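# Structural features, examined
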Amino acid sequence: MPEIDNIQIISYSKVEDQYHILFKLENNGWREYQEYLGHISFDENLIVKEFNILLSYDSWNGIRQNLIYDEEHPEKGIKKHNNK
């Protein structure tokens, strides 16, 4: 993963004994921009239960990935949309 220039929390929640955070990471490279979306969940003892980061945009190829997530329910995580 490239150097991260910015981290932004999109949303967070607590469901039962787990915390969930949706976040965005940005890389402002010399000639390109990359954006990643991620989800992390951990329990009350701060043990990570799930950690997922997906590339959502890369200016080098100009393609934005179709990712599925719900800001109102970060516990649902983040997934790639299957375009089949």
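Now for a description of the structure that goes with this document. (Residues numbered from 1 in each chain as written. Predicted model: local features only at pLDDT ≥ 70, side-chain atom pairs only at ≥ 80, totals over all residues. Heavy atoms only, no water.)

In a soluble, globular protein the nonpolar side chains are often hidden away together inside. Grouped together as the largest cluster of nonpolar side chains are 5 residues: Phe23, Leu25, Tyr36, Ile40 and Phe42. Among the elements that take part in this core, strand β3 (residues 33-43) stands out by supplying 3 residues, more than any other. Leaving out residues up to four positions away in the same chain, Phe42 has contacts with Asp17, Gln18, Tyr19, Ile21, Ile47, Val48 and Lys49. (Core = buried A, V, L, I, M, F, W, Y, C linked by side-chain atoms within 4.5 Å. Buried < 20%, exposed > 50% of the residue type's maximum accessible area, 1.4 Å probe, protein only. Helix = DSSP H or I, 4+ residues; strand = E, 2+ residues; numbered from the N terminus. Contact = heavy atoms within 4.5 Å.)

Turning next to the packing of aromatic side chains. In this structure the tally under the stated criterion is 3 aromatic pairs. Residues Tyr19 and Phe42 carry aromatic rings whose centres are separated by 5.6 Å and whose planes lie at 25° to one another, so their mutual orientation is stacked. You can see Tyr19 sitting in strand β2 (residues 18-28) and its partner Phe42 sitting in strand β3, a full 23 residues away along the chain. Classification of Tyr19 by relative accessible area gives partly exposed; the value is 31%. Its relative accessible area of 17% is what places Phe42 among the buried residues. With centroids separated by 6.4 Å and ring planes inclined at 20°, the aromatic side chains of Phe23 and Phe51 adopt a geometry described as stacked. With Phe23 in strand β2 and Phe51 in strand β4 (residues 48-58), this residue pair connects regions lying 28 residues apart in the sequence. (Phe/Tyr/Trp six-rings, centres within 6.5 Å; stacked < 30°, edge-to-face > 60°.)

Below, the discussion takes up the pattern of salt bridges. Summed over the entire model, instances satisfying the criterion amount to 4 salt bridges. For Lys24, the salt bridge is made with Glu26, and the minimal N-O distance between the two is 3.9 Å. Glu26 shares its class with Lys24; the two are buried. A salt bridge links Asp43 to Lys49; the shortest N-O distance between them is 3.7 Å. The exposure class assigned to Lys49 is partly exposed, which follows from its relative accessible area of 47%. (Salt bridge = Lys/Arg side-chain N within 4 Å of Asp/Glu carboxyl O.)

The next thing to look at is the sheet that holds β3. If you walk across this open sheet you meet the 5 strands as β1-β2-β3-β4-β5, and the pairing is antiparallel. Edge positions in the sheet fall to β1 (6-15) and β5 (63-64), since each of these pairs with one other strand and no more. As defined by bridge partners, β1 adjoins β2 across 9 bridges and the pair is classed as antiparallel. Within β2, the position partnered with Val15 by the bridge is Gln18. (Pairing = 2+ DSSP bridges.)

Taken residue by residue, a regular strand's side chains alternate between the two faces of the sheet. Both β3 and β4 contribute to a ladder of 9 bridges, which runs antiparallel. Note on β4: the bridge partner recorded for Tyr36 is Leu55. The antiparallel pairing of β3 with β4 creates a hairpin that spans 4 residues between the two strands, and Leu46 there sits at a positive phi of about 65°. Count of turn residues in the β4/β5 antiparallel hairpin: 4 residues, of which Gly62 carries a positive phi of about 70°.

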